Structure formats: structure tokens, C-alpha cells
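# Summary of structural features
Here is what each chain is made of, one letter per residue.
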Amino acid sequence: MVDEKMNRSLQAVLSRAIDEASARRSTTVEAEHLLLALATDEGLIAAKVLADAGLTHDAIEAALDQERAESLAAAGIGPVDESRLAATPRQVRPGWGPSVKEAILCGKKPVISDGRHRPSETELLIGILQANLGTVPRMLAIAGIDRGDLIERARQA
Amino acid sequence: MAQKMIPPTGGPADELAAVVALRELADRLEDAAVEKAMRQGWSWSQVAEGLGVTRQAVHKKHLHRLIAAGVELRRRNG
């Protein structure tokens, strides 16, 4: 998964994404965890693009919770009391989920189309936003974020 | 943008997302219920019977975290 040539900053993002997945009790690391990891490092252009759209780390977490709640509601399930879900976390490290692989692949496409050099984290953000696989597109739609506009902002940043 | 956008909300998207959310909820409920049962002295076999899976499956999935949680585990007949 992790390219040997991958820069340290991007490696740090991937490492934080694993922690984000664990914290959210996910058995796999998914694109939304990458998004959370990008939003954490305020020094990144990607984090600034997200923050300008209102997507701080806390806001992304809230949007993810909202997406889950609405998805459960679609199956007729109301909110479940957190006390019923209290458990010691699983000890295994979450594996890479398909949406991460898709996001990384999609992040390479703008380079092919416009040849512009961008920081790897910005490429990754563009990939996360462009990928249709996984929860991120739905989370953004429910949060009222214009995904196309956000992709364009990331490309221009 | 070049990629075809599928509607992420409404209709089938809601129904498919519900499946994802239910799987995640089921996993969390399982973790909580297994831990609660084991803290109350249930054996691995009893928990496995309750979940309708093999004892080995429950053991493999939950042993490490229950040890980390300091749960007193029944060794025999379990």
C-alpha cells in the first residue's frame, strides 16, 4: 500500500488515518479517515482547502455521524444509545479498505490531465473527493457540500 | 469532471448505505454484547451459541481485546 518513494508527510497522513479509523472503531481504513487525517494538519494546503469549505476535523466527524444516522434511519433504525455500544476496541490494526485504494488512484488523474505538480497531500485530497466509492460522496452531499466545487478548489489551490 | 457522478443520496443509494451502516452497527453491538456476557461469566461456548457461530470464531475475534480489557475469562468448559 505505502509506496517506498512516498514522502514523509504523506506517510504521516496515512499513519494518522489508521489512528482515525481505530478511534472510530472501524475495522478498515477508508477514504473518510484519510480526509480526517488531512484535516488534522493545519500546515497542509489540503487542510486549508477543507477548512475553507467548513470541513474542519470536528466538522467532518459530525458529518460522518450524520451520514451514519441518516443511513440507519433509511433502514428504520433510530439512534442507538452509545452506552449500549460501549466496548473495548479490537486490538487488530485496521486494514486498508477499497476506498483508500480508489482515492489514491483517482489522485493521480489530475496530474495526467493538467501536468501540474501538487503536494502529494493535495493530490490525495483530489483523489478522495473524486472517488465515487465509499462514504465520502454521500457524507459531503448530506452535509450540503458541493463536491465538484471542492474538487475545483483543491485543483486550483 | 471526467468521472461519472452517481447520486450519493436517495433511492438505491440510501438503501445501500443503510446496509453499510447496519453492518457497522452490528459489529459494534457484537463487541459490546460479547464483552458484557463474558464479564458476567458466560463461557466462550455459550457466547458462540448465542451468536450462532463456532467457539473458535468468537475466540479468534474477541480474545485479544477481552484480555486487554482485563475481563476474567473462563478457561474450562468454555
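Residues numbered from 1 in each chain as written. Chains lettered and ligands numbered in written order. Predicted model: local features only at pLDDT ≥ 70, side-chain atom pairs only at ≥ 80, totals over all residues.

## With respect to the overall build of chain A
Counting secondary structure elements, chain A contains 9 helices and 2 strands. Each helix and strand of chain A, placed in order from N terminus to C terminus, yields the pattern α-β-α-α-α-β-α-α-α-α-α. Scaling as 2.2 N^0.38, a compact globule of 157 residues should have a C-alpha radius of gyration of about 15 Å, and chain A matches this with 16 Å. Its C-alpha atoms give chain A principal-axis dimensions of roughly 50 × 35 × 25 Å. Counting all 157 residues of chain A, 38% fall into the buried class. In chain A, 67% of the contacts between residues at least 6 apart in sequence involve partners at least 24 apart. (Helix = DSSP H or I, 4+ residues; strand = E, 2+ residues; numbered from the N terminus. Rg over C-alpha atoms; globule rule 2.2 N^0.38 Å. Buried ≥ 20, exposed ≤ 12 C-beta atoms within 10 Å, placed from the backbone. Contact = placed C-beta atoms within 7 Å.)

## Considerations on the overall build of chain B
Each helix and strand in chain B was counted, giving 3 helices and 0 strands. Order of helices (α) and strands (β) in chain B, N terminus to C terminus: α-α-α. Per-residue burial for chain B yields a buried fraction of 14% across its 78 residues. Counted over contacts in chain B with a minimum sequence separation of 6, partners at least 24 positions apart contribute 50%.

## Some points on the confidence of the model for chain B
All names here are of chain B. Summarising the model, chain B shows a mean pLDDT of 89, and 88% of its residues fall at 70 or more. Looking over chain B, one finds the lowest element-wise mean pLDDT in helix 3 (residues 55-68), namely 94, and the highest in helix 2 (residues 44-51), namely 97. Both confidence scores are given for the complex: pTM 0.88, ipTM 0.85. (pLDDT = per-residue confidence, 0-100.)

## Brief notes about the packing of helix 2 (residues 31-40) of chain A against helix 7 (residues 120-130) of chain A
Residues and elements named next belong to chain A. In contact at an axis separation of 10 Å, helix 2 and helix 7 are set at 140° when each is read in the N-to-C sense. In terms of their interaxial angle, helix 2 and helix 7 are classed as oblique. Remark: the crossing between helix 2 and helix 7 carries left-handed chirality. Two secondary-structure elements touch here, helix 2 through Ala31, Leu34, Leu35 and Leu38 and helix 7 through Glu121, Leu124, Leu125 and Ile128. Among the residues making up the contact of helix 2 with helix 7, the classes are represented as 7 nonpolar, no polar and 1 charged. (Axes fitted to C-alpha atoms, helices over the stretch in contact; angles between N-to-C directions. Parallel < 35°, antiparallel > 145°, perpendicular 65-115°, else oblique. Left-handed = near helix turned anticlockwise from the far one by under 90°. Nonpolar A, V, L, I, M, F, W, Y, C, P; charged D, E, K, R; others polar.)

## With respect to helix 7 of chain A
Extensive coverage of helix 7 of chain A is indicated by the burial of 10 of its 11 residues. Burial in helix 7 of chain A covers these residues: Glu121(A), Thr122(A), Glu123(A), Leu124(A), Leu125(A), Ile126(A), Gly127(A), Ile128(A), Leu129(A) and Gln130(A).

## Focus: unusual backbone geometry
Excluding glycine, a negative phi dihedral is what most residues carry, and trans is how most peptide bonds are arranged. For Arg25(A), which is not glycine, the phi torsion reads 60° and is therefore positive. Note on placement: Arg25(A) falls in the loop between helix 1 (8-23) and strand 1 (28-29).

## Brief notes about helix 2 of chain A
Because an α-helix completes one turn every 3.6 residues, residues spaced three or four positions apart along the sequence face the same direction. The buried fraction of helix 2 of chain A amounts to 9 of the 10 residues, a majority that puts the element mostly inside the structure. Ala31(A), Glu32(A), His33(A), Leu34(A), Leu35(A), Leu36(A), Ala37(A), Leu38(A) and Ala39(A) are the residues of helix 2 of chain A that are buried.

## Re the environment of Ala63(A)
Residues and elements named next belong to chain A. Within the fold, Ala63 resides in helix 4 (residues 57-74). With 24 C-beta atoms packed within 10 Å, Ala63 lands in the buried category. Sequence separation between Ala63 and Gly144 is 81 residues, and the spatial gap between their C-alpha atoms is 9.7 Å. Discounting residues that sit within four places of it in the chain, Ala63 has contacts with Met139, Ile142 and Ala143.

## Some details on the interface of chain A and chain B
Taken together, the contact pairs 24 residues of chain A with 25 residues of chain B. Within the residue set of the side of chain A that touches chain B, elements represented by two or more residues are helix 4, helix 8 (136-142) and helix 9 (147-156) of chain A.

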